[in-house]
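These are the residues of each chain, in order.
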Amino acid sequence: MSEKTKQFFKSQFNAEPTYAAFAPGRIEFIGNHTDYNGGLVMGVAVTEGITVCVALRDDQNIGLVSDGAAAMEIALDDLKPIKGPASWTNYPVGVTHVMRGLGMKMPVGYNIAVTSTLPAGAGMSSSAAFELATAKALAALYGFETDTVGFARIGRKAENEFVGMPCGILDQGVSAFGEADSIVLIDCATEVFRTKLMPKDTHFWILNSNKKHALVDSAYADRFQECKDALAILQKRFPEAATLSQLDEAQVRACEAELGDVLFRRALHVVTENARVGAVESALAVGDLAAVGAAISASHESSRVNFENSIPELDTLVDLLKKQPYVYGARLTGGGFGGAVMAFTGAEFGAEHAAVVAAAYQAEHGLEATVIHTQAGQGAQLL
Ligand code: GLA
């Protein structure tokens, strides 16, 4: 898997890499915008991901090369986020900055080459994969030790504090903890991670809408803020609640008037979504795939109506998928405002069914959906 990345490293830096690491992208299975609200979420690490190769340099710079982007060199004493076409470097540089802050000694800089099998912008979190692969590789290169939660936290901190995206632990946590054929369950309040084998003969399909939302980062930040504002109002009535996830639907409904329409619907989405994650866990335990699918589709409906992080293109894909045979449920996956939908299906669902959906989608929106049939794979690892 790393041969291509090794060759790329050699061709760019004229030297052998010392370490290679891989980290996967993820599917958000269910648990939408619950992570930064202290809630429950389930994700799946996919087999597609990011591979990096690294080696020490003898000066104080970081040299970065990526398939399809101009090479960059950044001084170790000048690590700050940058804008524009080279902003892809913020992920490894942010991780470097965070690991240094945690005590990693870097007497010299390093070279890093990156390649990806994850479609960018597909809502499968290539950024978390890049962060986790970098963190694993740098830990080996500089002799830094931490555990799996530690790696996930490094990635999230880089994203929150360096990249400037106020995400929760979902993407980095799933990329760190993924296991073959398994789902990762996260209690974001306690940062306890568990994995569970998926039922036999169930499959994941990703359909990327290829609809780009120009303001996706600010839309995400707006929702983050709205959840905070809703919590502040709810706390007047329920001061013991430290997060939205410590409240239930009845408590949110009791404050509808104080919250006002928008904040009421945002809070309702979060508390009902936590309940749906719980329902999926119970349904998986007894193999009730119809109930799993129903909760998945209900999650999308709540996104569409209450959290308003869906867009017409995603709604169309979900509606079309639900009309196909062998689909248990479908929903947007990830932050929303563009990106992809996920379908949870039986083994009989095939490329021919996905093609019917893609054709109808194209007829309605004039866009080509990218179809990915993926599997649950291993979390971040040295190669
Ligand atoms: C993005 C963020 C995650 C999570 C999801 C929505 O993927 O990076 O932390 O908030 O959106 O559930």
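Residues numbered from 1 in each chain as written. Predicted model: local features only at pLDDT ≥ 70, side-chain atom pairs only at ≥ 80, totals over all residues. Heavy atoms only, no water.

A.B. asks: I tried to follow the sheet that holds strand 8 (residues 202-208) on my own but got confused; where do I start?
C.D. replies: Sheet strands associate in pairs through backbone hydrogen bonding, adopting either a parallel or an antiparallel arrangement. Taken in spatial order, the four strands make up an open sheet running 9-10-8-11, and their pairing is antiparallel. The open sheet terminates on both sides in strands that have one partner only, identified here as strand 9 (327-333) and strand 11 (370-374). Going across the sheet, the axis of each strand differs from the next one's by a mean of 20 degrees, ignoring polarity. Bridge analysis of strand 8 against strand 11 gives five bridges, and the strand direction is antiparallel. Looking at the pairing, Trp205 lines up with His373 of strand 11. (Pairing = 2+ DSSP bridges. Helix = DSSP H or I, 4+ residues; strand = E, 2+ residues; numbered from the N terminus. Axes fitted to C-alpha atoms, helices over the stretch in contact; angles between N-to-C directions.)

A.B. asks: It is not clear to me how the packing of aromatic side chains should be interpreted in this structure. Could you clarify?
C.D. replies: The way to describe two aromatic rings as a pair is by their centre distance and the angle between their planes. One pass over the full model with this rule turns up 12 aromatic pairs. Their ring planes at 90 degrees and their centres at 5.9 Å tell us that Phe29 and Phe204 sit as a pair that is edge-to-face. With Phe29 in strand 1 (residues 19-30) and Phe204 in strand 8, this residue pair connects regions lying 175 residues apart in the sequence. In this structure Phe29 comes out as buried when scored by relative accessible area, which is 0%. Every member of this aromatic cluster is reached through a ring pair, and the members are Phe29, Phe204, Tyr328 and Phe344. If you follow Arg223 out to its NZ or CZ, it ends over the ring of Phe307, 5.9 Å from the centre. (Phe/Tyr/Trp six-rings, centres within 6.5 Å; stacked < 30°, edge-to-face > 60°. Buried < 20%, exposed > 50% of the residue type's maximum accessible area, 1.4 Å probe, protein only. Lys NZ or Arg CZ within 6 Å of the ring centre and 35° of its normal.)

A.B. asks: Explain the state of the cysteines here, please?
C.D. replies: Each disulfide consists of a covalent bond between the sulfur atoms of two cysteine residues. For the structure on display, the rule yields zero disulfides. The cysteine Cys227 is free of any disulfide, with Cys188 supplying the nearest cysteine sulfur at 13 Å. By relative accessible area, Cys227 is classed as buried at 1%. Cys227 supplies the cysteine sulfur nearest to Cys255, a cysteine that is in no disulfide, at a spacing of 15 Å. According to the relative accessible area criterion, Cys255 is buried, its value standing at 1%. (Disulfide = S-S within 2.5 Å.)

A.B. asks: Any chance you could explain the layout of surface pockets here in plain terms?
C.D. replies: A probe matching the size of a water molecule, rolled over the atoms, marks out where space remains unfilled. A volume near 240 Å³ is recorded for the second largest pocket. At the level of elements, strand 8 and strand 11 are the ones that each hand at least two residues to the lining of the second largest pocket. Sort the elements by how many residues they give to the lining of the second largest pocket and strand 8 lands first, with three residues. (1 Å grid on protein atoms, 1.4 Å probe; cavity = no way out; pocket = protein on both sides within 12 Å on 5 of 7 lines; lining within 4 Å. Points joined across faces, edges and corners; volume = space filled by probe spheres on them.)

A.B. asks: Whenever I open this one, the site of the ligand confuses me. Can you help?
C.D. replies: Of all residues adjacent to the ligand, which total 14 residues, the nearest are Glu28, His33, Asp35, Asp171 and Tyr220. Between the ligand and the protein, one listed contact pairs an oxygen atom with a side-chain N or O atom of Arg26 at 2.8 Å. The backbone of His33 places a nitrogen or oxygen atom 2.7 Å from an oxygen atom of the ligand. When the free accessible area of the ligand is taken as 310 Å², the share hidden by the protein chains comes to 96%. Taken domain by domain, the makeup of the shell around the ligand includes at least three residues from each of domain 1 (3-198) and domain 2 (202-374). (Near = heavy atom within 4 Å. Polar contact = N/O pair within 3.5 Å; in protein donor to acceptor, adjacent residues only side chain to side chain. Areas by Shrake-Rupley, 256 points an atom, 1.4 Å probe, with all protein chains shown as cover. Domains from an automatic or database assignment.)

A.B. asks: Honestly, the side chain of Arg266 in this entry has me stumped. Any pointers?
C.D. replies: Counting through the fold element by element, Arg266 comes out in helix 8 (residues 256-285). Here the side chain of Arg266 touches Asn306 through a polar contact of 2.7 Å, landing on its backbone oxygen. A polar side-chain atom of Arg266 sits 2.9 Å from a polar atom in the side chain of Glu308. With residues near it in sequence (within four places) discarded, Arg266 still touches Arg223, Glu226, Asn306, Phe307 and Glu308. (Contact = heavy atoms within 4.5 Å.)

A.B. asks: What exactly am I supposed to notice about the packing of helix 2 (residues 90-101) against helix 4 (residues 148-163) here?
C.D. replies: The description of two packed helices rests on the angle between their axes and on the distance between the axes. Axis separation between helix 2 and helix 4 bottoms out at 8 Å; the angle between their running directions is 110 degrees. What the angle tells us is that helix 2 and helix 4 run roughly perpendicular. Residue-level contacts link Asn90, Tyr91, Val93, Gly94, Val95, His97, Val98 and Met99 of helix 2 to Ile154, Lys157, Ala158, Glu159, Phe162 and Val163 of helix 4. Residues that form the contact of helix 2 with helix 4 fall into these classes: nine nonpolar, three polar and two charged. (Parallel < 35°, antiparallel > 145°, perpendicular 65-115°, else oblique. Nonpolar A, V, L, I, M, F, W, Y, C, P; charged D, E, K, R; others polar.)

A.B. asks: Explanation requested: the pairing of strand 8 in the structure shown.
C.D. replies: Note on strand geometry: in a regular strand, side chains alternate between the two faces of the sheet. Across the seven residues of strand 8, six count as buried, placing the element largely inside the fold. Where strand 8 lies against strand 10 (residues 340-346), seven bridges are found, and the strand directions are antiparallel. Bridging from a neighbouring strand, Leu207 pairs with Val341 of strand 10.

A.B. asks: Would you take a moment to explain the domain arrangement of the chain for this structure?
C.D. replies: In many analyses, interface size is given as the accessible surface area lost on bringing the parts together. As far as domains go, the chain holds domain 1 (3-198) and domain 2 (202-374). The centre of domain 1, based on its C-alpha atoms, is set 25 Å off from the matching centre of domain 2. Each partner contributes to the interface: domain 1 provides 34 residues, whereas domain 2 provides 39 residues. The contact between domain 1 and domain 2 buries some 2900 Å² in all, and 67% of this surface belongs to carbon and sulfur atoms. Taken together, the links from domain 1 to domain 2 amount to two salt bridges. When contributions to the side of domain 1 that touches domain 2 are tallied by element, the ones reaching two or more residues are strand 1, strand 2 (40-56) and strand 6 (182-187). A total of seven residues in the side of domain 1 that touches domain 2 trace back to one element, the largest contributor, which is strand 2. Along the lines of polarity and charge, the residues of the side of domain 1 that touches domain 2 split into 18 nonpolar, 11 polar and five charged. (Buried area = accessible area lost by both parts, 1.4 Å probe. Salt bridge = Lys/Arg side-chain N within 4 Å of Asp/Glu carboxyl O.)

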